[in-house]
Amino acid sequence: MPILLFLIDTSASMNQRTDLGTSYLDIAKGAVELFLKLRARDPASRGDRYMLVTYDEPPYCIKAGWKENHATFMSELKNLQASGLTTLGQALRSSFDLLNLNRLISGIDNYGQGRNPFFLEPSILITITDGNKLTSTAGVQEELHLPLNSPLPGSELTKEPFRWDQRLFALVLRLPGLAPTEPEQLGSVPTDESAITQMCEVTGGRSYCVRTQRMLNQCLESLVQKIQSGVVINFEKTGPDPLPVGEDGLLDSSRPSNSFAAQPWHSCHKLIYVRPNSKTGVPVGHWPIPESFWPDQNLPSLPPRTSHPVVRFSCVDCEPMVIDKLPFDKYELEPSPLTQYILERKSPHTCWQVFVTSSGKYNELGYPFGYLKASTTLTCVNLFVMPYNYPVLLPLLDDLFKVHKLKPNLKWRQAFDSYLKTLPPYYLLPLKKALRMMGAPNLISDNLDCGLSYSVISYLKKLSQQTKLESERILASVGKKPPQEIGIKVKNHSGGGVSLTHSKNFRKLLKEIIGESAPRLTESNTKEFAGFRLGLLNKDLKPQTYRNAYDIPRRGLLDQLTRMRSSLLKTHKFIVGQDEDSLHSVPVAQMGNYQEYLKTLASPLREIDPDQPKRLHTFGNPFKQDKKGMMIDEADEFVAGPQNKVKRPGEASSPLSPKRRRNVTVIPEVHEEKMENGQIPPDGFLSKSAPPELMNMAGDGVPHNQLDSLSDDFASLRKDGVIHKPGANALLGGSRNGGVSVEDRKVSVTSALGTVPNTFQITPAMAQGINADIKHQLMKEVRKFGRKYERIFILLEEVQGPLAVKKQFVEFTIKEAARFKRRVLIQYLEKVLEKIDSHHHLNNINHINSRSSC
């Protein structure tokens, strides 16, 4: 999850105008918005976190931090104002402290236990400034200085204020105030010459000198490409230069090598890409980069580390070593003079070993922990991180598997113990995990020692607790305005004496308070304040909204100025004498925000009749419906009464008439005619299973007195899935709905009664089509709002097939009801399922009894 922190220069110099009339601050705001639009093109931007910091005094400089959402970020960005000094150093320190706020709590830096490249929070700090002189309360500063004292606990464990996964980029605005006469030169954007450029290069970033709007857009597109997951490492050469290589890729000893001349590839300060796992989306690794000191129990405290580890590489060609099943980490290097030099050698089958100085106990340079190697296709250079002192470990493990067959002898164990003595203690745990992955026996003791003293471990725990408290304090102050002095200080030039008018009025006021005299309006002495007159509030005077300042009469200037000041500063919600119309004047962006208005209202009284359905507010839309859809709990639903629908010609007038369904198979049924005439549907097992209160709900079910006469239809169920009704001449299975009109169906039924016998065989294909259509209708009925379940039980009645098929449909309906949290429906369907099981069990017993009697 990349972190994008924008540091905006809000000093007074950002009010300067360009040739287009816009201020530098407006250009900075537009640049941030354009950057967000360019970044949104990448699908990986969904996990981005945005922060906003200004040049205000800490902690009020943090406008959007860890807890603020994107809307707050955009709101604070639009409300920025340019005022104050150019305190760039303090603002940078506050920005880095904000990024490092949770690192000690999460243990991502892993102090004293090696540096894990796969433990990272990739952060990009983008500052937009005008590049003018740095100013503070002490005067003008020629160089950029970051304060050494930080309120963040644990900051002394790292020498620099930034970390190896944090990079600084600067957009220095140099736009002219007058339109340039010379044509704009195309090409790359150069770096700026201000003090911030060096700071950017130290962190692994760079600065941009922006002179035109086109160059600004070009820089923003370049910054979007810089958002990569990785850490910055200092690569430095140790030892002599390698022998030159000829055009054929072979060593050419005849060509001289400049071993003593400094080359750009001798020291590079570049990024290594840490790619996330394709499955989990999180970087995964096995081996750390060693510390630059040997952990010892006698160390009273941890030595401070540099932000970027110094990795030295030897130019001696070595054979890349790797064995089966041994895990290793592979990181691609950012293009640099070092990668260009290695690729030009065209030696993909050799490597250069890498070291960290003072990482070993008995060796100043330390032992190799990996190597640099060009890819086979010579397109990039990779850093392979292996176990510490891997040239000794890998042959031992190879012999363990191939020679000793996982049963090492005494000589092998002695050699392995000697290797463990050269291993830093924090490598024991990852080595133990690697051996377990390879299937090797347990060769390392379970009592692992991290190498740190008890005092150091206790100190780190204490720092973690202090960081939590400091984090809460800083986050609580995010978004707050700095305190301002209220009122104007006026010096008393009268020598401290009180005028007689004041003292006289004061005595009158005391008498009014104690009740000795009736309260009255204090009269003012016009002689003491000559030329001034106190204006009394005239309630009959209605304020006006003037479009021209010269239209305001002289006597209304003070009142109008008061209203203008209150409208601008928004200090009070309501001021005496304020225009009532101005209370209803809201910005366009806030119009329609009815939810915020509801929060200010008092809680409503309870309903007289709680059984009545709640009325859905239709603010702004009289046809507004509930947008929650069907994915809600039935306990929160309200039951609506029957709605008066406009009847179409030819439509059934009975409320029991179901909606017609389209079906390929057309089967005439007598009970369908009865349904269209408003009669009772054929009583069946499922209909009887549904309770009366459910079937009679919302006025759409069968009356309670008719449900008492329902009987079980499963007595007439045959093995072939055909249901007969006593006294009826038509089949009671199959589809309820035909693809023809009512009149055509009557003719079909009449002809069927005269020609078709009492049994009508349904083919398996027809039954399959009917059941498929019923399944589709069941899904639609379960999704419907409310508790009108009669249609569901009627559909279950029409399922074609034996009891096992009907049971499957009931179970399917239960699953659909569980998706939409239809708890009441699930309870009734479970009762139906129990009756089907009991009926099936009874049939089995009768079948067994009949066979035994035979």
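Residues numbered from 1 in each chain as written. Predicted model: local features only at pLDDT ≥ 70, side-chain atom pairs only at ≥ 80, totals over all residues. Heavy atoms only, no water.

**A short note on the overall build of the protein**
And then number 1: What the protein contains, in helices and strands, is 24 helices and 15 strands.
And then number 2: The buried share of the protein, taken over its 854 residues, is 42%.
And then number 3: Residue pairs at least 24 apart in sequence account for 76% of intrachain contacts in the protein once pairs closer than 6 positions are excluded.
And then number 4: Approximately 51100 Å² of the protein is accessible, and the part contributed by carbon and sulfur atoms is 54%. (Helix = DSSP H or I, 4+ residues; strand = E, 2+ residues; numbered from the N terminus. Buried < 20%, exposed > 50% of the residue type's maximum accessible area, 1.4 Å probe, protein only. Contact = heavy atoms within 4.5 Å. Areas by Shrake-Rupley, 256 points an atom, 1.4 Å probe, with all protein chains shown as cover.)

**Looking at helix α6 (residues 213-225)**
Side chains of residues three or four places apart in an α-helix project in the same direction, reflecting 3.6 residues per turn.
And then number 1: For α6, which comprises 13 residues, the first-to-last C-alpha distance of 19 Å matches the rise-based estimate of 18 Å (1.5 Å per residue) to within 8%.
And then number 2: Where α6 is concerned, the buried positions are Met215, Leu216, Cys219, Leu220, Leu223 and Val224.
And then number 3: Considering only its buried residues, α6 is in contact with α1 (24-39), β4 (123-129), β7 (166-173) and β8 (207-210). (Expected span 1.5 Å × (residues − 1).)

**Section: the sheet that holds β7**
And then number 1: Spatial strand order, β3-β2-β1-β4-β7-β8: six strands in an open sheet with mixed pairing. Taken across any chain shown, the strands that pair with only one partner, and hence form the sheet edges, are β3 (62-64) and β8. With direction set aside, neighbouring strand axes in the sheet form an average angle of 20°.
And then number 2: With respect to the sheet, α1 is in contact with β1 (3-8), β2 (49-53), β4 and β7, its orientation differing from that of β1 by roughly 170°.
And then number 3: On top of the sheet, helix α2 (residues 70-78) reaches β1, β2 and β3; it is set at about 30° to β2, its chief contact. (Pairing = 2+ DSSP bridges. Axes fitted to C-alpha atoms, helices over the stretch in contact; angles between N-to-C directions.)

**Examining the packing of helix α21 (residues 764-783) against helix α23 (residues 803-819)**
And then number 1: Axis separation between α21 and α23 bottoms out at 9 Å; the angle between their running directions is 25°. Here α21 lies roughly parallel to α23, going by the angle between them. Read as a crossing pair, α21 and α23 show a hand that is right-handed. Taken together, the residues of α23 that come into contact with α21 (itself represented by Asn771, Ile774, Lys775, Leu778, Met779, Val782 and Arg783) are Val805, Phe809, Phe812, Thr813, Glu816, Ala817 and Arg819. (Parallel < 35°, antiparallel > 145°, perpendicular 65-115°, else oblique. Left-handed = near helix turned anticlockwise from the far one by under 90°.)

**Comments concerning the confidence of the model for the protein**
And then number 1: With 67% of its residues at a pLDDT of 70 or more, the protein shows a mean pLDDT of 75.
And then number 2: Low pLDDT, under 50, characterises residues 627-685; the stretch is placed with 120 contacts to residues that sit more than four places away or in other chains. (pLDDT = per-residue confidence, 0-100.)

**Comments concerning the sheet that holds strand β11 (residues 310-314)**
And then number 1: Strand order around the closed barrel formed by seven strands is β9-β10-β12-β15-β14-β13-β11, with mixed pairing between neighbours. The mean inter-strand angle of the sheet, taken between neighbouring strand axes irrespective of direction, is 35°.
And then number 2: Sheet topology places β11 next to strand β13 (residues 351-355); two bridges connect them, and they run antiparallel. Note that in β13 the partner of Phe313 across the bridge is Val354.

**Quick look at the pairing of β7**
And then number 1: Summarising burial for β7: eight of the eight residues are buried, a large majority.
And then number 2: Burial along β7 is two-sided: Gln166, Leu168, Ala170 and Val172 and Arg167, Phe169, Leu171 and Leu173, pointing in opposite directions, are all buried.
And then number 3: Bridge count between β4 and β7: seven bridges; the pairing is parallel. Opposite Thr127, over in β7, you have Ala170 as the bridge partner.
And then number 4: Pairing geometry for β7 and β8, over four bridges, is parallel. When the sheet's bridge partners are listed, Ala170 is paired in β8 with Ser207.

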